[in-house]
Amino acid sequence: MTQSQEIGSRMKKQRELLGLTREQLAEKLDITPRFCYDLELGLKGMSVSTLSKLSETLNITADYLLFGENGEEQGLAEGISLLRTCPVQKRSYLNRIISEYNRALKD
């Protein structure tokens, strides 16, 4: 797999995790759905501006998109992405679970 394909694969995985269609992501990035498709397949490269918008929109770091590094910051970004996919009215439950989990780790 080429580096462009790996970037595209990480992009698609995060887009799907957030529950976004390719068309919705393209609209947020101000690109065409076809270009978004080509990025996900690794057929095209992107500008720094698009990379910046993409990482912001998908709540992941540019390092993760480019290199697949899954450091502490990336884990936090993935957690935030998961929280955003949760229905708003259920987020208080998640907050309570996370708080209790953190308290248990400290004990």
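Just so you know, these numbers come straight off a predicted model, no measurement behind them. (Residues numbered from 1 in each chain as written. Predicted model: local features only at pLDDT ≥ 70, side-chain atom pairs only at ≥ 80, totals over all residues. Heavy atoms only, no water.)

Draft legend 1. Structural detail: the pattern of salt bridges. Considering all chains together, one arrives at four salt bridges under this definition. Between Arg15 and Glu40 there is a salt bridge, and its shortest N-O distance comes to 2.5 Å. Of this pair, Arg15 sits in helix α1 (residues 3-17) while Glu40 sits in helix α3 (residues 33-41), and the two are 25 residues apart along the sequence. In terms of burial, Arg15 and Glu40 fall into one category: buried. Owing to a relative accessible area of 6%, Glu40 belongs among the buried residues under this scheme. In the salt-bridge network here, residues are joined through shared partners; they are Arg15, Arg22 and Glu40. (Salt bridge = Lys/Arg side-chain N within 4 Å of Asp/Glu carboxyl O. Helix = DSSP H or I, 4+ residues; strand = E, 2+ residues; numbered from the N terminus. Buried < 20%, exposed > 50% of the residue type's maximum accessible area, 1.4 Å probe, protein only.)

Draft legend 2. Inspection of the nonpolar core at higher detail. Membership of the largest hydrophobic core comes to 15 residues, with the highest contact counts inside it found for Met11, Leu25, Ile31, Cys36, Leu54, Leu58 and Leu65. For Met11, the contacting residues outside a window of four places in its chain are Leu25, Cys36, Leu39, Glu40, Leu54, Leu58 and Leu65. (Core = buried A, V, L, I, M, F, W, Y, C linked by side-chain atoms within 4.5 Å. Contact = heavy atoms within 4.5 Å.)

Draft legend 3. Molecular detail of unusual backbone geometry. For Asp30, which is not glycine, the phi dihedral falls at a positive 60 degrees. Accessibility expressed as a relative area gives 65% for Asp30, which makes it exposed. Backbone geometry at Asn59 places phi at a positive 60 degrees, although glycine is not the residue there. For Asn59, a relative accessible area of 15% puts it in the buried group.

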